[in-house]
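Coordinate inspection notes
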Amino acid sequence: MKNSIKFTALIMALVLAFSMASCSLAPQFSYKTDDVELPIGSYIYEMYSAYQQAQGFAQKTEGYDSEKKTYDGKKSFLNVEITDDDENTATADQWITETADKNMKELLALYREFNRLGSTIDEATMDGYKQQAQEYWDNGP
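Scope of this entry: the structure provided in the associated data block. The structure displayed is predicted, hence computed values, not measured ones.

**Let's talk about the overall build of the protein chain**
Scanning the protein chain for helices and strands turns up four helices and six strands. Mapped in sequence order, the helices and strands of the protein chain form the string α-β-β-α-β-β-β-β-α-α. Burial status across the protein chain gives 18% buried among its 141 residues. Restricting to contacts in the protein chain with at least 6 residues of sequence separation, those with at least 24 account for 45%. Total accessible area on the protein chain is roughly 11200 Å²; 56% of this is exposed by carbon and sulfur atoms.

This is the structure in structure tokens:
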């Protein structure tokens, strides 16, 4: 009886280990069409960028305390109703999600058009982009 329990536990541990390993090896994408797949990092970037923009809009709202950096006494601005540069009004968390989604769909359209036209980027240009990205990573923009 004890050996069968040990054997079953071993099998379950192996199944768990293989399933966890296979999930980590699977490609992770945020948006995908038939011919374009955007990595999860691009969505994270767009969410972060929209978050920063929404925070700036929230700082312009009534009730923002610039000394305490609070909104009506609360630390989070995500529930504050903001108005963007195009006069669209929404809560900050809703605006962030919608803006990131819109930007990702525009990026998908850009990639699809780039591929449709058969465009390419030469090696020298790509090296310049990589160098600029490394500088931003090391020093900030």
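**Some words on the pairing of strand E1 (residues 29-32)**
Inspection of the sheet shows E1 paired to strand E2 (residues 37-39) by three bridges, in the antiparallel sense. When the bridges of E2 are listed, Tyr31 appears paired with Leu38. Here E1 folds back onto E2, and the loop between the two strands holds four residues.

**Quick word on the side chain of Ser42**
Residue position: Ser42 is located in helix H2 (residues 40-59). Ignoring anything within four residues of it in the chain, the contact list for Ser42 reads Ser30, Met104 and Leu107.

**Re the pattern of salt bridges**
Enumeration according to the criterion identifies five salt bridges in this entry. Measuring nitrogen to oxygen at the nearest pair gives 3.3 Å for the salt bridge that ties Arg112 to Asp35. Of this pair, Arg112 sits in helix H3 (residues 92-116) while Asp35 sits in the loop between E1 and E2, and the two are 77 residues apart along the sequence.

**Description of the nonpolar core**
Core analysis: the biggest nonpolar cluster contains 13 residues, and Ala54, Tyr71, Phe77, Ile82, Trp95 and Ile96 have the highest contact counts within it. Those elements that provide at least two residues to this core are H2 and H3. If you tally residues by element for this core, the top one is H2, at four residues. With residues near it in sequence (within four places) discarded, Ile82 still touches Ala54, Phe57, Ala58, Thr61, Asn88, Thr89, Ala90, Ala92 and Trp95. Residues Tyr31, Leu38, Met104 and Leu108 belong to the second largest nonpolar core, which totals five residues.

**Some thoughts on unusual backbone geometry**
For Glu87, which is not glycine, the phi torsion reads 70° and is therefore positive. Tracing the sequence through the fold places Glu87 in the loop between strand E5 (81-83) and strand E6 (89-91). Overall, Glu87 belongs to the exposed group, its relative accessible area being 63%.

About the cut-offs
- Residues numbered from 1 in each chain as written.
- Predicted model: local features only at pLDDT ≥ 70, side-chain atom pairs only at ≥ 80, totals over all residues.
- Heavy atoms only, no water.
- Helix = DSSP H or I, 4+ residues; strand = E, 2+ residues; numbered from the N terminus.
- Buried < 20%, exposed > 50% of the residue type's maximum accessible area, 1.4 Å probe, protein only.
- Contact = heavy atoms within 4.5 Å.
- Areas by Shrake-Rupley, 256 points an atom, 1.4 Å probe, with all protein chains shown as cover.
- Pairing = 2+ DSSP bridges.
- Salt bridge = Lys/Arg side-chain N within 4 Å of Asp/Glu carboxyl O.
- Core = buried A, V, L, I, M, F, W, Y, C linked by side-chain atoms within 4.5 Å.

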